[in-house]
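Topology and contacts: notes
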Amino acid sequence: MSTAIPYRSDLLAPFLALDQGEKIQAEYVWIDGDGELRSKTTVSGYLRIYFTCEPSVRSGTVGDVTHAHLHQTVGSKVTDITQLRQWDFDGSSTNQAHGHDSDIYLRAAAIFKDPFRGGDNILVMAETYNSDGTPNKTNHRAAAKKIMEAAAAEKPWFGLEQEYTLMGLDGRPYGWPAGGFPGPQGPYYCGAGAGKVFARDLIEAHYRACLYSGVNISGINAEVMPSQWEFQVGPCEGISMGDHLWMARYLLVRIAEQWGIKVSFHPKPLPGDWNGAGCHTNFSTDAMRTKGGLDVIKKAIEKLSKRHNEHIAVYGTDNDLRLTGRHETGHITQFSSWCRQPWCLDPYSSPRRTQRPRLPRGQASCFQYRPLRGHRNHCRDNLPHGIKK
């Protein structure tokens, strides 16, 4: 069992207060070969190489390169990813490459403010590329981005509801009694009061860090199982949804590190009569958000129903442990849909919350942003953004 090492913010504080000159620290964040998050820091800037060509002595034409000048540009506030250099790391240590060809390259995809260092320092969500310039096998963002660009005219909006479980270093949910269990589920969902919620200070810190960073976080709440929480991100358009979700996850993991708490995104972190954790996808296009949008939504649901197995396959491993038909879930092998509107007709009239996708009551007719919701979970990388309808 790991031992909690206190985070000494009191010792760190005077060093963070030191003047860092004109240089900006950039923390590159990426997804590794196991779906976990990694990061490393550099000073912002990029390399410029100037080549000087001189006339050939024999022909008088422009000939060989005779000088190469290397210049590192640093110091300016970073406002665009084009200001950031490509970086690299050892992919054999992150399950993303073999040892004989282990250089994996990081290309900036999105920039966020750094709540840990403050000032003009930044967090950089990065994509991973092989030495030959092709996307790494774990870089699903590259393919998803192409799909989002092709569908840009549809103005696809995403809103994701990320559930997670706080775990102690002993591998048990944080705050649970040693050698025992808390009371049955019931009082914990959106709960208030001692014994009903755990680590609210950590949750509030994460919320504020997301707001500071520019992550489009839209809410938080305690979930059904004690020590289980949820944050919502969105609406975001196109590929930016994945960037904001993964940066929100990174911030959560980093902040929990300071509390000596681990974060689990596993769909069923604890066996037994306890709810699992999902990542619910809310989705709509411009046509779904305008008058007559309900018909567009129904057509989309019909298309989704024909590719259920393909879609659920890209949401990561172990979803079969959560999607059992119990604990507010549908069964992993079954596609179903329903509408909360009392005037909706079958097949959209099932009253069970366990079905997916669903049309929230009062929203299908009000043109709000999330008319189509998928009860899926444990979504990995940007794969859910690239599923075919």
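Everything below is about the structure shown above.
Heads up: these notes are all about the structure in this document. (Residues numbered from 1 in each chain as written. Predicted model: local features only at pLDDT ≥ 70, side-chain atom pairs only at ≥ 80, totals over all residues. Heavy atoms only, no water.)

Digging into the overall build of the protein chain
- Looking only at helices and strands, one finds 7 helices and 15 strands in the protein chain.
- Across the 389 residues that make up the protein chain, the buried fraction comes to 45%.
- Sequence separation of at least 24 residues holds for 63% of the intrachain contacts in the protein chain that already meet a minimum separation of 6. (Helix = DSSP H or I, 4+ residues; strand = E, 2+ residues; numbered from the N terminus. Buried < 20%, exposed > 50% of the residue type's maximum accessible area, 1.4 Å probe, protein only. Contact = heavy atoms within 4.5 Å.)

What about the pattern of salt bridges?
- Evaluation of the coordinates by the stated rule reveals 7 salt bridges.
- Across the salt bridge formed by Arg 117 and Asp 114, the nearest N and O atoms sit 3.4 Å from each other.
- The shortest N-O distance in the salt bridge between Arg 141 and Asp 243 comes to 2.9 Å. One end of the pair, Arg 141, is in helix α2 (residues 141-150); the other, Asp 243, is in helix α4 (residues 240-259), and 102 residues separate them in sequence. The same class applies to Arg 141 as to Asp 243, namely buried.
- Here the salt bridges do not stand alone but share partners, grouping Glu 27, Asp 114 and Arg 117 into one network. (Salt bridge = Lys/Arg side-chain N within 4 Å of Asp/Glu carboxyl O.)

Structural notes on unusual backbone geometry
- Of the consecutive residues Gly 234 and Pro 235, the connecting peptide bond is found in the cis state with omega at 5°.
- As for its placement among the helices and strands, Pro 235 is situated in strand β10 (residues 228-237).
- Unlike most non-glycine residues, Lys 155 shows phi in positive territory, near 50°.
- Position of Lys 155 relative to the elements: it lies in the loop between α2 and β8 (157-167).
- With phi around 75°, Ser 227 is a residue other than glycine that occupies positive phi space.
- With respect to the helices and strands, Ser 227 occurs in the loop between β9 (217-222) and β10.
- Assessed through its relative accessible area of 3%, Ser 227 is described here as buried.

As for the nonpolar core
- Within the largest apolar cluster, 41 residues are counted, with the highest numbers of intra-cluster contacts made by Met 125, Tyr 164, Leu 166, Leu 202, Val 215, Phe 231 and Met 247.
- What Phe 231 contacts, discounting residues up to four positions off in sequence, is Leu 160, Glu 161, Gln 162, Tyr 164, His 206, Ile 217, Gly 219, Ile 220, Leu 245, Ala 248, Arg 249 and Leu 252.
- One finds Tyr 28, Trp 30, Leu 84 and Val 124 within the second-largest nonpolar core, a separate group that totals 13 residues. (Core = buried A, V, L, I, M, F, W, Y, C linked by side-chain atoms within 4.5 Å.)

Observations regarding α4
- Taking 1.5 Å of rise per residue, 20 residues should cover 28 Å, and α4 covers 29 Å from first to last C-alpha, within 8% of that figure.
- Immediately downstream of α4, the backbone of Gly 260 shows phi near 75°, a positive value. (Expected span 1.5 Å × (residues − 1).)

Thoughts on the side chain of Asn 282
- For Asn 282, the position within the fold is in strand β12 (residues 279-284).
- With a relative accessible area of 1%, Asn 282 lands in the buried category.
- Within the local environment of Asn 282, its side chain forms a polar contact with the side chain of Glu 161, the two groups lying 2.9 Å apart. (Polar contact = N/O pair within 3.5 Å; in protein donor to acceptor, adjacent residues only side chain to side chain.)

Comments concerning the packing of aromatic side chains
- All told, the structure shown has 8 aromatic pairs when counted by the stated rule.
- With a centroid separation of 5.1 Å and 50° between ring planes, the pair formed by Phe 158 and Phe 283 is classed as tilted. One end of the pair, Phe 158, is in strand β8; the other, Phe 283, is in strand β12, and 125 residues separate them in sequence.
- You can call Phe 158 buried: its relative accessible area is 6%.
- Connected via pairs of aromatic rings, a cluster forms that spans Tyr 164, Phe 231 and Phe 265.
- In this arrangement the basic side chain of Arg 107 is found over the ring face of Tyr 129, its NZ or CZ atom lying 3.8 Å from the centre.
- The ring centre of Tyr 212 lies 4.2 Å from the NZ or CZ of Lys 113, which sits over that ring. (Phe/Tyr/Trp six-rings, centres within 6.5 Å; stacked < 30°, edge-to-face > 60°. Lys NZ or Arg CZ within 6 Å of the ring centre and 35° of its normal.)

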